[in-house]
Amino acid sequence: MDKRSSILEACAPQTPSLYAPGGFTRDDLSKPQILLYSTSGEAHPGSYHLDKLVEQARMGVALAGGTGFKFTTSDVCDGIAQGHDGMNYPLASREFIAGMIEIYACTHQYDGAVLISSCDKGLPACLVAAGRLKELMPVVVVPGGSNEPGPNYLMEGAVGIADAQVRAGLLDREELTFIQDHTLPCNGACQFMGTASTMQVMSEALGLAAPTTALAPATQRYVLNNARKAGHLVMNLRARGIRAKDILTEGAIRNAVVIHQATGGSTNGLLHLPAIAHAAGVPFDVTMFDVLGQKTPYLTNIHTAGQYASRQLWFAGGIQRIISILADMGLLDMDALTVTGQTVRENLEAVKKTDFFRMGEGYLSNYATTDGSRRLQLTDVIRTPDDPKSKRGSVAVLKGNIAPEGSVFKYSACDPTMYEHVGRAVVFDSEEDCFAAVTGLKLEAGDVAIVRYEGPRSCGMPELFNTSSAIVGIEKYRKSIALVTDGRFSGATAGPVIGHVSPEAASGGSISLIEDGDLIEISVERRALNIVGTNGEKRTHEEMERVLAERKARTPARTPKYTAGILGAYTQLATSAMKGAYMGRITGS
């Protein structure tokens, strides 16, 4: 592979003098130059430790004959952004972090890249950036690893539920304080199958992260080994002429969707994978999640839809164990190329020859089951195809007159009594109003809360974690009311909540036409989300079409909330949620 950085010798004579104060010699600059990027910073436990991984990656590059250069654009924390206007920024940050990686790589003409991140938007940004750099260089992604569960399997998602219970007068504040103080005992991504864990899984499933790297314990030496190895891998890929485009293929995307469904991935995966596919130029329809989900068993017993923690999934064999099971079922493209320079099949065979599975099961036996009755076993964490958590995948795409382009329902984390439901609409134009109504116990059993003007073009598509946590945390609502929104949800979300409704309200979607008292139909079996009545009375399909047309004619356009700054740019250019909410053309793409 040609050395892209050679152009600097001819075009940028200042290069040696500008690098010299950093300790870089002419000999260093004569070697392949590798971008070492991380989201290291002080935003959250998934970023505190990443600088150590960067140093290991730099060592790996150096030992393999290259020179590494460090760059950082730290990501923000969705958890800290909760409950205020700061939550409008995280999804947009994915686009701008990816943009900075692209800028670093192209401005300095690097020959390859190692991208290191752990969490919700930073890791998807790395994957989007890999797609954008697909023709230029090899890219290796290093997931930053997972956190340890707190006392009695306490996990970070419990904070939102406990807070809602305190607000509703159902829990003492002292208990909330205990949960806050002990839910995250160390560095690493939050312990459940939230967006951070999901995107670590997606990195390995796509072949951009090396085998066994997703969800490795962030506090153990294995993550350091993974980063060191990444330095060697990027140099090996470069020597073999393998670029990111050779890895980010249709087969890789399909594998990621299947593994997402098998592991109960976050609904945010349905925002990020389409954006990654778009960046890589790979055709993608988000309904693939539903189509492949009908064939894919849901295998993992990981919180929030299950009992155990993400690092325990790694101890149980991680994504390589999942791949082994799904390969036997013929659900994966085992010939897809990965950053090892080998195929998914070759990687799995290589892992089987190591002590990885034996080591992990040994660590797993250090834990007890959640009820404390015995030591934890492999099948407690990863179920077999004969005894899956569910015979179908974990996420459904619902369509209908509310969501002609689609909406997303993580039904695996919802009580089955809400799979088929018709309820009275209670409409809110902001999450804050809905949250106040839920914690104030203002809704009635059977109601469907509609929260709109929370989509990408409206305000950046915040997650409605506080409200969804409140619904799950309040016993009278957990199995009796639903939430439908054009916003998104945290990966920690559970319960009868449906997001990503497209077209969104700000684009004139039907969700903007719903009125209090309309009847809302939710059907997992028929994959349907519809307005089926008004004023509490059922209407025919034709009648509803006439009603919606009349409402649309008299509904004025809404003034955009943001017209300047980062969110002004993002909301003007964002595509629909069902396309990935990436920044497209002004005309929409």
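Here, every reference points to the structure presented above.
Residues numbered from 1 in each chain as written. Predicted model: local features only at pLDDT ≥ 70, side-chain atom pairs only at ≥ 80, totals over all residues. Heavy atoms only, no water.

**So, the overall build of the protein**
At step 1: Looking only at helices and strands, the protein has 24 helices and 13 strands in total.
At step 2: Against the compact-globule benchmark of 25 Å for 589 residues, the protein has a radius of gyration of 24 Å, which places it among compact chains.
At step 3: Based on the C-alpha atoms only, the size of the protein along its principal axes is roughly 75 × 60 × 50 Å.
At step 4: For the protein, the residues scored as buried account for 63% of the 589 residues in total.
At step 5: Counting contacts in the protein only where the partners sit at least 6 residues apart, residues at least 24 apart contribute 77% of the total.
At step 6: With the model as given, the accessible surface of the protein reaches about 21,800 Å², and the carbon-plus-sulfur share is 50%.
At step 7: Side chains of the protein carry 56 positive and 62 negative charges; the gap between the two charge centres is 4 Å. (Helix = DSSP H or I, 4+ residues; strand = E, 2+ residues; numbered from the N terminus. Rg over C-alpha atoms; globule rule 2.2 N^0.38 Å. Buried < 20%, exposed > 50% of the residue type's maximum accessible area, 1.4 Å probe, protein only. Contact = heavy atoms within 4.5 Å. Areas by Shrake-Rupley, 256 points an atom, 1.4 Å probe, with all protein chains shown as cover. Lys, Arg positive; Asp, Glu negative; His and termini not counted. Charge placed at Lys NZ, Arg CZ, Asp CG, Glu CD.)

**Details of the sheet that holds strand β6 (residues 406-409)**
At step 1: Within the open sheet, the nine strands sit side by side as β5-β6-β10-β9-β8-β7-β11-β12-β13. Their pairing is mixed. Only two strands of the sheet have a single neighbouring strand rather than two, namely β5 (396-398) and β13 (537-538). (Pairing = 2+ DSSP bridges.)

**Points about the sheet that holds strand β1 (residues 33-38)**
At step 1: Read across the open sheet, the four strands follow the order β2-β1-β3-β4; overall the sheet is parallel. Single-partner strands in this sheet number two, and they are β2 (67-72) and β4 (139-143). Each strand axis lies, on average, 20 degrees off the axis of its neighbour in the sheet, ignoring direction.
At step 2: Sheet topology note: the strand β3 (residues 112-117)/β4 ladder contains five bridges and is parallel. The partner of Val-114 across the bridge, within β4, is Val-140. (Axes fitted to C-alpha atoms, helices over the stretch in contact; angles between N-to-C directions.)

**Quick notes on the pattern of salt bridges**
At step 1: Counted under the stated rule, the structure contains 27 salt bridges.
At step 2: For Arg-132, the salt bridge is made with Glu-95, and the minimal N-O distance between the two is 3.7 Å. Taken together, the residues Arg-132 in helix α6 (residues 122-132) and Glu-95 in helix α5 (residues 90-107) connect sequence positions 37 residues apart.
At step 3: Judged by its relative accessible area of 5%, Glu-95 is buried. (Salt bridge = Lys/Arg side-chain N within 4 Å of Asp/Glu carboxyl O.)

**Description of the nonpolar core**
At step 1: Ranked by size, the top nonpolar core spans 115 residues in total, and within it Leu-35 and Leu-115 carry the most contacts.
At step 2: Looking at which element gives the most residues to this core, the answer is helix α10 (residues 222-240), with eight residues.
At step 3: When residues no more than four places from it in sequence are discounted, the contact partners of Leu-115 are Leu-35, Tyr-37, Ile-101, Cys-126, Ala-129, Val-139, Val-140, Val-141 and Val-142.
At step 4: By size, the runner-up hydrophobic cluster in this structure holds 28 residues, among which are Val-427, Val-448, Ile-450 and Ile-522. (Core = buried A, V, L, I, M, F, W, Y, C linked by side-chain atoms within 4.5 Å.)

**Some words on helix α9 (residues 195-205)**
At step 1: Of all 11 residues in α9, 11 are buried; the element is thus mostly enclosed.
At step 2: Buried within α9 we find Thr-195, Ala-196, Ser-197, Thr-198, Met-199, Gln-200, Val-201, Met-202, Ser-203, Glu-204 and Ala-205.
At step 3: Looking at the packing, one finds that the buried side of α9 touches α6, β4, α11 (250-263), α12 (269-280), α14 (310-315) and α15 (318-328).
At step 4: Among the residues trailing α9, Gly-207 stands out with phi positive, at a value near 85 degrees.

**Describing the packing of aromatic side chains**
At step 1: Evaluated as defined, the whole model comprises 17 aromatic pairs.
At step 2: On the basis of an interplanar angle of 25 degrees and a centroid distance of 4.4 Å, the ring pair of Phe-24 and Phe-69 is categorised as stacked. Of this pair, Phe-24 sits in the loop between α2 (15-19) and α3 (26-30) while Phe-69 sits in strand β2, placing them 45 residues apart in sequence. In terms of burial, Phe-24 and Phe-69 fall into one category: buried.
At step 3: A centroid spacing of 6.0 Å and a plane angle of 35 degrees characterise the contact between Phe-315 and Tyr-367, whose relative ring orientation is tilted. With Phe-315 in helix α14 and Tyr-367 in the loop between α17 (356-364) and α18 (378-381), the pair connects residues that are 52 residues apart, well separated along the chain. We note that Phe-315, like Tyr-367, is buried. (Phe/Tyr/Trp six-rings, centres within 6.5 Å; stacked < 30°, edge-to-face > 60°.)

**Quick notes on helix α7 (residues 158-167)**
At step 1: Among the 10 residues that make up α7, seven are buried, leaving the element largely enclosed by the rest of the structure.
At step 2: Along its buried surface, α7 packs onto α8 (173-182), α19 (431-439) and α21 (465-473).
At step 3: Residue Gly-169 follows α7 closely and has a positive phi angle near 75 degrees.

**A short note on the side chain of Arg-311**
At step 1: Residue position: Arg-311 is located in helix α14.
At step 2: Of the residues examined, Arg-311 reaches a relative accessible area of 3% and is grouped as buried.
At step 3: In this view, Arg-311 contacts Ser-146, Asn-147, Glu-148, Cys-186, Leu-215, Pro-217, Ala-218, Thr-219, Gln-220 and Tyr-367; residues no more than four positions away in its chain are not counted.

**Points about the environment of Pro-404**
At step 1: Structurally, Pro-404 is set in the loop between β5 and β6.
At step 2: Residue classification places Pro-404 among the partly exposed residues on the basis of a relative accessible area of 49%.
At step 3: Along the chain, Pro-404 and Val-258 lie 146 residues apart, while their C-alpha atoms are 24 Å from each other.
At step 4: Among residues more than four places away in sequence, those in contact with Pro-404 are Lys-399, Ser-502 and Pro-503.

**A closer look at the packing of α9 against α12**
At step 1: Look at α9 against α12: their axes get within 10 Å of each other, and the N-to-C directions meet at 35 degrees. Crossing geometry of α9 relative to α12 is assigned as right-handed. Within the contact between the two elements, α9 uses Thr-195, Met-199 and Met-202 and α12 uses Gly-269, His-272, Leu-273 and Ile-276.
At step 2: Residue composition of the contact of α9 with α12, grouped by class: four nonpolar, three polar and no charged. (Left-handed = near helix turned anticlockwise from the far one by under 90°. Nonpolar A, V, L, I, M, F, W, Y, C, P; charged D, E, K, R; others polar.)

**Examining the packing of α7 against α21**
At step 1: Closest axis-to-axis distance for the α7/α21 pair is 8 Å, and the angle between their directions is 70 degrees. Relative to α21, the element α7 lies roughly perpendicular. Contacts from Gly-160, Ile-161, Ala-164 and Gln-165 of α7 reach α21 at Phe-465, Ser-469, Ala-470, Val-472 and Gly-473.
At step 2: Here the contact of α7 with α21 is built from residues that sort into five nonpolar, four polar and no charged. (Parallel < 35°, antiparallel > 145°, perpendicular 65-115°, else oblique.)

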